[in-house]
Amino acid sequence: MKRQTPHQNWQNDYFGDAYLELYASYLYDPKEVQSETEFVIEALNLNKGDALLDLACGFGKHLHFFLKKGMKAFGLDISLKYLQSARNLIPKIHLRKLSLVRGDMRTLPFGKESFDAVCCLFNSFGYFPPGNPDPYMGILREIRRILKPGGRFFLEVPNKKPVLSMVRNSPQTLQCGNGFLIHELWDYDEDQCTLHNKTTFTIEDRQTRVGYQLYLFSRGELASLFKKTGFRVIQTFGDYEDSPYSLTGSPYLLIVGEKTGTNPD
Ligand SMILES: C[S@@+](CC[C@H](N)C(=O)[O-])C[C@H]1O[C@@H](n2cnc3c(N)ncnc32)[C@H](O)[C@@H]1O
């Protein structure tokens, strides 16, 4: 089958109007997002008033609930449009405790030791082709730099094994709902450990063809990256309901790291 490779600047197209409309309205479930947010707050051991960065915050669905729980919240995303949507989603009463920043996760525009915690949620870690220097080590080093001593990082990635079985068993998927349809073609590049996707979003009668690529991490690989960049892995989970991580059964790999006292660089 022909590889479902998107073009180099696929992010601009994929995270466009159709994705925003679908995920911010048709597929948005505030109850689910609220319970995810509460889980993240507990795993990060956060208290009211603590400074938290939501890295690749998108249209701000988690930020809303972090603010409701009393955090001083910062959202960083590369898309100005999504940051504007975040500002519209969040009730005015919370806006004074929120900072939204346009930026790239590879070079974070914050001073060292600015945050008590950082999180990166919902498939936002894995967009860069593997290479030398390793882009993910670079991102983790940046996160470590902006964390206070003992600060924590919460990362969600998809669980590699079940994703690969899904791709092997059904390289085409269809998700239908009231007024929308998401048709996806998948394949996996073993050499690059990268999932390639082509998506057609249909909303009412409008079609948008886009695609993405995502590097898939194993738990061992992420744990080793955390260690090499100065994080101690303190917890892993398989979902947002406190289930232990299972290599074949969990939907996600949720991993929590704590900044160690010594910088390995
Ligand atoms: C799958 S969305 C997840 C957004 C949000 N975390 C959520 O849970 O809805 C990924 C986000 O990553 C952003 N993004 C892509 N590349 C980025 C980069 N290099 N730096 C920062 N954000 C980026 C996109 O604009 C998009 O909002």
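**Notes on the sheet that holds strand E7 (residues 180-189)**
On the basis of which strands lie adjacent, the open sheet formed by 4 strands has the order E6-E7-E8-E9 and antiparallel pairing. Strand pairing shows two members of the sheet lacking a second neighbour, strand E6 (172-177) and strand E9 (206-215), which therefore form its edges. Strand-to-strand twist across the sheet, computed as the mean angle between neighbouring axes with direction ignored, equals 15°. Where strand E8 (residues 194-203) and E9 come together, 10 bridges link them in antiparallel fashion. Residue His196 lies in a different strand from E9, and its bridge partner there is Gln213. Contacts between helix H7 (residues 160-169) and the sheet are confined to E6, E7 and E8, with E7 contributing the most and set at about 105° to the helix.

**Brief notes about the side chain of Glu36**
Along the chain, Glu36 falls in helix H3 (residues 30-43). Within the buried core, Glu36 has no salt-bridge partner, and the shortest N-O distance to an opposite charge, that of Lys61, equals 5.5 Å. At 2.8 Å, the side chain of Glu36 forms a polar contact with the side chain of His62. The contacts of Glu36, once residues within four sequence positions are left out, are His62 and Tyr240.

**Quick notes on the site of the ligand**
Near the ligand, the surroundings consist of 20 residues, among which Ala56, Lys61, Asp77, Met105 and Leu121 are the closest. With respect to the ligand, the backbone of Ala56 contributes an N or O atom lying 2.7 Å from a nitrogen atom. Backbone polar atom of Ile78 to a nitrogen atom of the ligand: 3.3 Å apart, as the coordinates give it. Within the residue set of the shell around the ligand, elements represented by two or more residues are helix H4 (61-68) and strand E2 (72-77). Partitioning the shell around the ligand into residue classes produces 12 nonpolar, 5 polar and 3 charged.

**Observations regarding the nonpolar core**
Ranked by internal contacts, the top residues of the largest apolar core, which has 60 residues, are Phe125, Phe153 and Leu222. For this core, the leading source of residues is helix H6 (residues 135-146), giving 6 residues. Among the domains, domain 1 (10-159 + 218-259) and domain 2 (162-213) are the pair contributing at least three residues each to this core. Setting aside anything within four residues of it in sequence, one finds Phe125 in contact with Cys120, Tyr136, Ile139, Leu140, Leu155, Val157, Leu214, Tyr215, Phe217 and Leu222. Ranked by size, the runner-up nonpolar core spans 26 residues in total, among them Val40, Leu46, Cys57 and Leu67.

**With respect to the pattern of salt bridges**
What the rule picks out here adds up to 9 salt bridges. Put simply, Arg152 and Glu258 hold a salt bridge, and the shortest N to O gap is 3.3 Å. Of this pair, Arg152 sits in strand E5 (residues 147-158) while Glu258 sits in strand E11 (residues 252-259), and the two are 106 residues apart along the sequence. Of the residues examined, Arg152 reaches a relative accessible area of 16% and is grouped as buried. Salt bridges sharing partners connect three or more residues here, namely Arg152, Arg232 and Glu258.

Quick notes on the rules
Residues numbered from 1 in each chain as written. Predicted model: local features only at pLDDT ≥ 70, side-chain atom pairs only at ≥ 80, totals over all residues. Heavy atoms only, no water. Pairing = 2+ DSSP bridges. Helix = DSSP H or I, 4+ residues; strand = E, 2+ residues; numbered from the N terminus. Axes fitted to C-alpha atoms, helices over the stretch in contact; angles between N-to-C directions. Contact = heavy atoms within 4.5 Å. Buried < 20%, exposed > 50% of the residue type's maximum accessible area, 1.4 Å probe, protein only. Lys, Arg positive; Asp, Glu negative; His and termini not counted. Salt bridge = Lys/Arg side-chain N within 4 Å of Asp/Glu carboxyl O. Polar contact = N/O pair within 3.5 Å; in protein donor to acceptor, adjacent residues only side chain to side chain. Near = heavy atom within 4 Å. Nonpolar A, V, L, I, M, F, W, Y, C, P; charged D, E, K, R; others polar. Core = buried A, V, L, I, M, F, W, Y, C linked by side-chain atoms within 4.5 Å. Domains from an automatic or database assignment.

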